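# Residue-level structural notes
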Amino acid sequence: MNATDGTVRIDGRTTTDHRPVTIERGWSTQAEGSALISFGNTRVLCTASFTNGVPRWMAGKGTGWVTAEYSMLPRSTNERMQRESIKGKVGGRTHEISRLIGRSLRAVVDMKGLGENTLVLDCDVLQADGGTRTASITGAYVAMVDAVEWGRERGFIGKKATPLTDSVQAISVGIVGGVPMLDLAYEEDSRADTDMNIVTTGSGKFIEVQGTAEHAPFDRQELDALLDLGLAGNASLAAVQRTALGLA
């Protein structure tokens, strides 16, 4: 993707470039599905755990359940953070991101097709440089695909069932110095006038748009520019996912 205004960013990218993206599928030998995803210097380990059965309140309904948990390792940032388990409570940001990941994944799952099975996606940030929640969603989808196939191979999911209705990707966009940009690294995100996370399906439908004017309000034209950036960026991520899954 090429920028149209000639702006060159701190890492040499143009405004419409995302950072180098890699997905190492099957990184964990223990989990039913896993992916180590990198958005530049941001790295997240996503694992999918498959359980035959559902929470008690869902039993007997013939539908499955998908949920997610997100966490950051103590030295995923420049200074050591205390583990939330030591603090004795999970922070509001962690709860919010966990719910976002879960909602995003459930949006592309047919729960009846999944059957009475549970998928838990754990997204652990190994290194943070902006975009940890968007990398988590993008990587978790790859892990989820493999976990679903693991369940199918063992007879927990019907051979002809289609639990996954589409793919899901997420990317950050923002306005930095008055210029709309794709996939903000931390240094850009920390000084952005507007910060937004865009979650879409592989077919280009929106699942969630989280946008906030951090320093200055944005107008409709800027919003449209950010949405267009997000759609294009997520289409590119979908191609990376397909390659990782051997579908390209």
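Residues numbered from 1 in each chain as written. Predicted model: local features only at pLDDT ≥ 70, side-chain atom pairs only at ≥ 80, totals over all residues. Heavy atoms only, no water.

What follows covers the overall build of the chain. Looking only at helices and strands, the chain features six helices and nine strands. For the chain, the C-alpha radius of gyration of 18 Å lies close to 18 Å, the compact-globule estimate for 248 residues. Reported as C-alpha extents along the three principal axes, the dimensions of the chain are approximately 55 × 40 × 30 Å. Across the 248 residues that make up the chain, the buried fraction comes to 47%. Of the contacts formed within the chain by residues at least 6 apart in sequence, a portion of 68% connects residues at least 24 apart. Total accessible area on the chain stands at roughly 11900 Å², and carbon and sulfur atoms take up 50% of it. In the chain, the 26 positive side-chain charges and the 30 negative ones have mean positions that sit 8 Å from each other. (Helix = DSSP H or I, 4+ residues; strand = E, 2+ residues; numbered from the N terminus. Rg over C-alpha atoms; globule rule 2.2 N^0.38 Å. Buried < 20%, exposed > 50% of the residue type's maximum accessible area, 1.4 Å probe, protein only. Contact = heavy atoms within 4.5 Å. Areas by Shrake-Rupley, 256 points an atom, 1.4 Å probe, with all protein chains shown as cover. Lys, Arg positive; Asp, Glu negative; His and termini not counted. Charge placed at Lys NZ, Arg CZ, Asp CG, Glu CD.)

The strand order across the open sheet built from five strands is β1-β2-β3-β5-β4, with neighbouring strands paired in mixed fashion. Lying at the two open borders of the sheet, with one neighbouring strand each, are β1 (21–25) and β4 (65–72). Across this sheet, the average inter-strand angle for adjacent strands is 15 degrees, counted without regard to direction. Here strand β3 (residues 42–52) pairs with strand β5 (residues 117–127) via 10 bridges, running antiparallel. Each bridged residue has a counterpart across the sheet, and for alanine 48 the counterpart in β5 is leucine 121. (Pairing = 2+ DSSP bridges. Axes fitted to C-alpha atoms, helices over the stretch in contact; angles between N-to-C directions.)

On the secondary structure map, glutamate 208 appears in strand β9 (residues 206–213). Classification of glutamate 208 by relative accessible area gives buried; the value is 18%. Of the polar contacts made by the side chain of glutamate 208, one reaches the side chain of arginine 103; its length is 2.7 Å. Excluding anything up to four places from it in sequence, glutamate 208 contacts Leu100, Arg103, Asn197, Ile198 and Val199. (Polar contact = N/O pair within 3.5 Å; in protein donor to acceptor, adjacent residues only side chain to side chain.)

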